[in-house]
Amino acid sequence: MDKKRLAIVVPCYNEEESLKDNIPVLKNTLEALINKNVVSDDSFICFVDDGSRDRTWRLVEDAHKNDTKHIKGIMFTRNFGNQKALLSGLEYAHNRDVDCAITIDADLQQDESKIEEFINKYNEGCEIVYGVRKDRKTDGVLKKFTSYAFYTFMNLMGANIVPNHSEYRLMSKKALDTLGLYKERKLFLRGVFFDTGLKSDYVEFDVKKREHGDSKFTYLALMKLAAEGITSFSVRPLRIIFYIGIIISLISLLWGTLTAYRVFILGIHAPNHIDYYEIFEMFMSGLQMLCIGIIGEYVGQIIQEVKGRPRSIIEKELD
Ligand code: UDP
Ligand code: MG
């Protein structure tokens with residue numbers, strides 16, 4: 001079999017501490033794959049600096065100077081977010097005609113030694129190979145819970161994603177071609193690749209502890225990602241609002257009839273449910289705000305998409 005050209009795409013945001021160790025690790029991983037004839041010698045690693053304020057870019061530049069063939073880089077003008085960094089790296093790889101690309105986090109929490117397994121699956125004919133976490137031994141209870149809640153909620157809301165898969169993933173040339181057909185500005189990559197329906201498989205891996213620096217994903221950022229993912233893939237929340245509306249209308253109709261019956265037929269005038277009513281009123285106004293908020297999310301998405309602004313802006317590229 002002829003050897004495949006691989007690109008390893010690494011999004012980096014203030015990852016100076018991680019990269020010091022992980023650039024050599026990734027380089028060794030790639031070299032080992034080349035030496036084992038798993039991938040071709042013109043395979044490369046592309047680091048995408050997502051507007052870091054530390055020495056991340058310097059480290060990438062230095063690594064590139066030492067090995068221009070295997071180390072490439074993209075630098076954004078500012079922080080555009082991890083999805084944009086991944087996308088830009090994948091576009092870079094696609095433009096250079098790679099056979100497949102793998103995305104992996106700069107902290108190497110995702111076991112890089114599994115890359116060969118991804119490529120084996122690809123050689124067996126898979127267009128997408130998902131990295132799936134075996135367990136979350138290294139995560140705290142809160143992180144475990146939030147990530148469980150994230151996957152369950154996303155799927156419930158109609159944005160189908162592979163459980164326990166984040167962004168450790170191999171994509172074939174065909175998968176990258178298909179990505180180009182998704183024209184929206186705000187791409188939720190996990191959803192997009194699932195949506196393509198291309199032949200896929202998964203590789204299990206153990207999550208490692210983050211050795212340096214802190215997670216760049218705050219809970220707020222995770223909520224934003226969930227909201228964007230759901231609104232860009234599904235209108236189920238809007239439908240739920242519609243159903244809630246119907247149910248509440250029916251309840252109030254029933255309540256009205258009951259009250260009319262009490263007043264006109266039974267002759268009871270003093271309402272005996274005033275407290276319930278106040279609580280119900282408060283609940284209703286909360287619910288209304290929530291529903292308006294959900295609709296607002298969709299309106300916001302529409303505005304962003306209509307404006308058609310660039311997904312990210314590149315300051316420098318190392319070729
Ligand atoms: N990242 C990025 N831009 C951002 C935030 C994060 O490129 O705005 C990168 C980050 O450098 C890392 C990857 O995305 O390589 C995943 O981030 P992190 O490890 O902080 O997330 P976690 O593993 O905690 O979910
Ligand atoms: Mg991480």
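Structure: above.
Residues numbered from 1 in each chain as written. Chains lettered and ligands numbered in written order. Predicted model: local features only at pLDDT ≥ 70, side-chain atom pairs only at ≥ 80, totals over all residues. Heavy atoms only, no water.

## Looking at helix 5 (residues 141-156)
Between its first and last C-alpha, helix 5 extends 22 Å over 16 residues, near the 22 Å set by a 1.5 Å rise per residue. Of all the positions in helix 5, only Thr146, Ser147, Phe150, Tyr151 and Met154 are classed as buried. Viewed along the axis of helix 5, the buried residues span an arc of 130 degrees, placing them on a single side of the element. Away from its buried face, by an angle of more than 90 degrees, helix 5 presents the exposed residues Val141, Leu142, Phe145, Tyr148 and Leu156. Check the buried side of helix 5 and you find it contacts strand 5 (128-133), helix 7 (189-196) and helix 8 (219-233). Looking one or two residues beyond helix 5, the residue adopting positive phi is Gly158, at roughly 95 degrees. (Helix = DSSP H or I, 4+ residues; strand = E, 2+ residues; numbered from the N terminus. Expected span 1.5 Å × (residues − 1). Buried < 20%, exposed > 50% of the residue type's maximum accessible area, 1.4 Å probe, protein only. Arc of directions from axis to C-beta. Contact = heavy atoms within 4.5 Å.)

## Quick notes on the sheet that holds strand 2 (residues 44-49)
Pairing between the strands of a sheet comes from backbone hydrogen bonds, and it takes one of two forms, parallel or antiparallel. Pairing is mixed across the open sheet formed by eight strands, whose spatial order is 7-5-6-4-1-2-3-8. A strand with exactly one partner marks an edge of an open sheet, and here the two such strands are strand 7 (200-205) and strand 8 (314-318). For this sheet the average axis-to-axis angle between neighbouring strands, irrespective of direction, equals 20 degrees. Where strand 2 lies against strand 3 (residues 71-76), five bridges are found, and the strand directions are parallel. From the neighbouring strand, Ile45 faces strand 3, where its bridge partner is Ile71. (Pairing = 2+ DSSP bridges. Axes fitted to C-alpha atoms, helices over the stretch in contact; angles between N-to-C directions.)

## Let's talk about a nonpolar patch on the surface
A contiguous nonpolar surface patch, about 730 Å² in accessible area, is contributed by Phe242, Tyr243, Ile246, Ile247, Leu250, Ile251 and Leu253. Counting through the fold element by element, Ile247 comes out in helix 9 (residues 236-265). Since its relative accessible area comes to 49%, Ile247 is described here as partly exposed. (Patch = residues over 30% accessible without salt bridge, like charges linked within 9 Å, V, L, I, M, F, W, Y side chains within 5 Å. Areas by Shrake-Rupley, 256 points an atom, 1.4 Å probe, with all protein chains shown as cover. Salt bridge = Lys/Arg side-chain N within 4 Å of Asp/Glu carboxyl O.)

## Examining the site of ligand 1
Contacts to ligand 1 come from 17 residues, most closely from Glu15, Asp50, Asp107, Ser215 and Lys216. Glu15 is positioned with one of its side-chain polar atoms (N or O) 2.6 Å from an oxygen atom of ligand 1. Between ligand 1 and the protein, one listed contact pairs an oxygen atom with a side-chain N or O atom of Arg210 at 3.0 Å. Taken by itself ligand 1 offers 530 Å² of open surface, and the protein chains cover 89% of this. Residue composition of the shell around ligand 1, grouped by class: five nonpolar, five polar and seven charged. (Near = heavy atom within 4 Å. Polar contact = N/O pair within 3.5 Å; in protein donor to acceptor, adjacent residues only side chain to side chain. Nonpolar A, V, L, I, M, F, W, Y, C, P; charged D, E, K, R; others polar.)

## Focus: the packing of aromatic side chains
All chains considered together, the criterion is met by seven aromatic pairs. With 5.4 Å between their ring centres and 55 degrees between their planes, Trp255 and Phe280 make a pair best called tilted. Here Trp255 is found in helix 9, whereas its partner Phe280 is found in helix 10 (residues 274-307), with 25 residues between them in sequence. Assessed through its relative accessible area of 26%, Trp255 is described here as partly exposed. Look at Phe280 and you get partly exposed, because its relative accessible area is 27%. An aromatic cluster of at least three residues, connected via ring pairs, comprises Phe118, Tyr168 and Phe205. We note Lys72 situated over the ring of Phe44; from NZ or CZ to the ring centre the distance is 6.0 Å. (Phe/Tyr/Trp six-rings, centres within 6.5 Å; stacked < 30°, edge-to-face > 60°. Lys NZ or Arg CZ within 6 Å of the ring centre and 35° of its normal.)

## Some remarks on the side chain of Lys4
Note that Lys4 resides in the segment before strand 1 (6-12). Excluding residues that lie within four positions of it along the chain, Lys4 makes contacts with Val38, Val39, Ser40, Ser43, Asp99, Tyr122 and Asn123.

## Side note on the environment of Ile268
Tracing the backbone through its elements, the reader meets Ile268 in the loop between helix 9 and helix 10. Filtering out sequence-adjacent residues up to four positions away, Ile268 remains in contact with Arg262 and Val263.

Without other data, these values stay purely geometric and don't point to any function.
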